[in-house]
Amino acid sequence: MTALDPRIDRAARWLHESHLARRSYTPIPADDAPRSIAEADAIQEAFVALKAKALNGSVAGYKVAITTQAMRDFTKFQDSIPGVVLDAQVQRSPGVLRLAEFGKALIECELAFEIGDDVLAIGKPFDRSTIGSYVSAVMPAFEIADDRNADYKTIAADILSLAADNAWNEGAVLGAPVRDWQRIDLALVHGVGKINGTVVGEGYGRDVLGHPLEALAWLANRLLASGRVLRRGHIVLTGSLVASKFPRTGDRVEFAVAGLGSVALQAE
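What counts, and where the lines are drawn
- Residues numbered from 1 in each chain as written.
- Predicted model: local features only at pLDDT ≥ 70, side-chain atom pairs only at ≥ 80, totals over all residues.
- Heavy atoms only, no water.
- Buried < 20%, exposed > 50% of the residue type's maximum accessible area, 1.4 Å probe, protein only.
- Helix = DSSP H or I, 4+ residues; strand = E, 2+ residues; numbered from the N terminus.
- Pairing = 2+ DSSP bridges.
- Axes fitted to C-alpha atoms, helices over the stretch in contact; angles between N-to-C directions.
- Contact = heavy atoms within 4.5 Å.
- Core = buried A, V, L, I, M, F, W, Y, C linked by side-chain atoms within 4.5 Å.
- Parallel < 35°, antiparallel > 145°, perpendicular 65-115°, else oblique.
- Left-handed = near helix turned anticlockwise from the far one by under 90°.
- Nonpolar A, V, L, I, M, F, W, Y, C, P; charged D, E, K, R; others polar.
- Phe/Tyr/Trp six-rings, centres within 6.5 Å; stacked < 30°, edge-to-face > 60°.
- Lys NZ or Arg CZ within 6 Å of the ring centre and 35° of its normal.
- Salt bridge = Lys/Arg side-chain N within 4 Å of Asp/Glu carboxyl O.

Colleague: Help me out: how do you make sense of the pairing of strand β10 (residues 235-240) in this one?
Modeller: Looking down a regular strand, the side chains alternate between one sheet face and the other. Here β10 lies mainly inside the structure; six of its six residues are buried. Relative to β10, strand β5 (residues 105-115) runs antiparallel, the two sharing four bridges. Residue pairing across strands places Glu 110 opposite Ser 240, the latter belonging to β10.

Colleague: So what exactly am I meant to see when it comes to the sheet that holds strand β3 (residues 90-92) here?
Modeller: Strand order across the open sheet formed by seven strands is β2-β1-β10-β5-β6-β7-β3, with mixed pairing between neighbours. Each edge of the sheet is formed by a strand with only one pairing partner; in this case those strands are β2 (81-86) and β3. Strand-to-strand twist in this sheet, taken as the mean axis angle between neighbours without regard to direction, amounts to 30 degrees. Where helix α2 (residues 37-55) meets the sheet, it contacts β2 and β7 (169-174), and its direction lies at approximately 15 degrees from that of β2. In the packing of helix α6 (residues 212-225) onto the sheet, the strands contacted are β1 (59-65), β2, β5, β6 (135-146) and β10, and the crossing angle to β1 comes to about 115 degrees.

Colleague: Explain the nonpolar core to me, please; I cannot follow it from the model alone.
Modeller: Core analysis: the biggest nonpolar cluster contains 49 residues, and Leu 97, Val 119, Ile 131, Phe 142, Leu 216, Leu 230 and Leu 260 have the highest contact counts within it. Put simply, the parts of the chain that give this core at least two residues each are α2, β1, β2, β5, β6, α6, β11 (252-257) and β12 (261-267). Of the residues forming this core, the biggest block, seven residues, is contributed by α6. Counting residues in hydrophobic clusters, the runner-up holds 28 residues, among them Ala 33, Ile 66, Phe 77 and Ile 159.

Colleague: Would you explain the packing of helix α1 (residues 6-20) against α2 in this entry?
Modeller: At a minimum axis distance of 8 Å, the contact between α1 and α2 shows a crossing angle of 50 degrees. On the basis of their axis angle, the class for α1 and α2 is oblique. Our pair here, α1 against α2, has a crossing hand that is right-handed. Here Arg 7, Ile 8, Ala 11, Ala 12, Arg 13, Leu 15, His 16 and His 19 of α1 come into contact with α2, specifically with Glu 39, Ala 42, Ile 43, Ala 46, Phe 47, Leu 50, Lys 51 and Ala 54. Class assignment of the residues belonging to the contact of α1 with α2 gives a composition of ten nonpolar, two polar and four charged.

Colleague: Help me out: how do you make sense of the sheet that holds β11 in this one?
Modeller: Whether parallel or antiparallel, the strands of a sheet pair through hydrogen bonds between backbone atoms. Across the sheet, which stays open at both edges, the five strands sit in the order β4-β12-β11-β8-β9 with mixed pairing between neighbours. Every other strand in the sheet has two partners, leaving β4 (95-97) and β9 (198-204) as the edge strands with one partner each. When strand polarity is set aside, the average angle formed by the axes of neighbouring strands in this sheet is 20 degrees. The sheet contact formed by β4 and β12 spans three bridges and is parallel. Bridging across to β12, Gly 95 finds its partner in Leu 265.

Colleague: So what exactly am I meant to see when it comes to the packing of aromatic side chains here?
Modeller: Note on aromatic pairs: each is described by the distance of the centres and the angle between the planes. With the rule as written, the count across this model stands at three aromatic pairs. Among the aromatic residues, those joined into a ring-pair cluster are Tyr 25, Tyr 152 and Trp 168. Between Lys 104 and the ring centre of Phe 246, over which it is positioned, the NZ or CZ distance is 4.6 Å. In this arrangement the basic side chain of Arg 206 is found over the ring face of Tyr 204, its NZ or CZ atom lying 4.2 Å from the centre.

Colleague: Just checking my understanding: could you explain the pattern of salt bridges for this structure?
Modeller: As a working rule, side chains carrying opposite charge can pair if their charged atoms are close by. Under the criterion given, the structure shown has 13 salt bridges. Arg 231 is paired through a salt bridge with Asp 118; the nearest N and O atoms lie 3.0 Å apart. Taken together, the residues Arg 231 in the loop between α6 and β10 and Asp 118 in the loop between β5 and α4 (128-131) connect sequence positions 113 residues apart. Residue Arg 231 is classed as partly exposed on the basis of its relative accessible area, which comes to 38%. For Asp 118, a relative accessible area of 26% puts it in the partly exposed group. For Arg 148, the salt bridge identified is with Asp 165, shortest N-O distance 2.9 Å. Highlighted residues: Arg 148 in the loop between β6 and α5 (159-164) and Asp 165 in the loop between α5 and β7, separated in sequence by 17 residues.

Structure below.
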């Protein structure tokens, strides 16, 4: 299945047009809806290509969605899905979230990895012990997403459409990279999210599939299986330690991770 398949092309264009028009989220129409993970991946790739062309951007990295129990409870789905992050939508902290540019913007509080070398196949699946050597830095981050007023009660049944829709990614805000991260036990790091100084959620690195490197290994294997590769310089968002938050105009949002610093954004 490729992006040239008429169903894949129609689905990708439908998604792109829906985003441009800021229409409320609905699943891809039945005739063109993905029937498998492979089709969802193909639609996502074609949709992201259209989006990248419109933004005059390129791939900055990836996200792994739904890796923590907080997010699995939130979405009612019990597996992870990948998405692509474009460089035109990446900011360094402090970031700005312009709410008028979204259907319904949300943010997620995450640990992000910077990739130091191309993650090529090694003859067996990557795991936590083998993927770590590819990480050049770790940092706190916000994922910015747009759920376009989706109905979370039904999203699990539409998960292939959500995957095709690039898992709703609309960018990221990155904290300062920590390069001597090996001194830190990433499973034990504690992250706290605040809005206007009030704690709105917290979590630990272990909440991400037991260890954030598990999410990175999962992504590396998933990409290789679909013919893609994590490249040097890519950023990987590993999943939210805190359930999604929906900032309002004027809100200042902060996420601090012990030993790794903090990240902030202002909602306008």
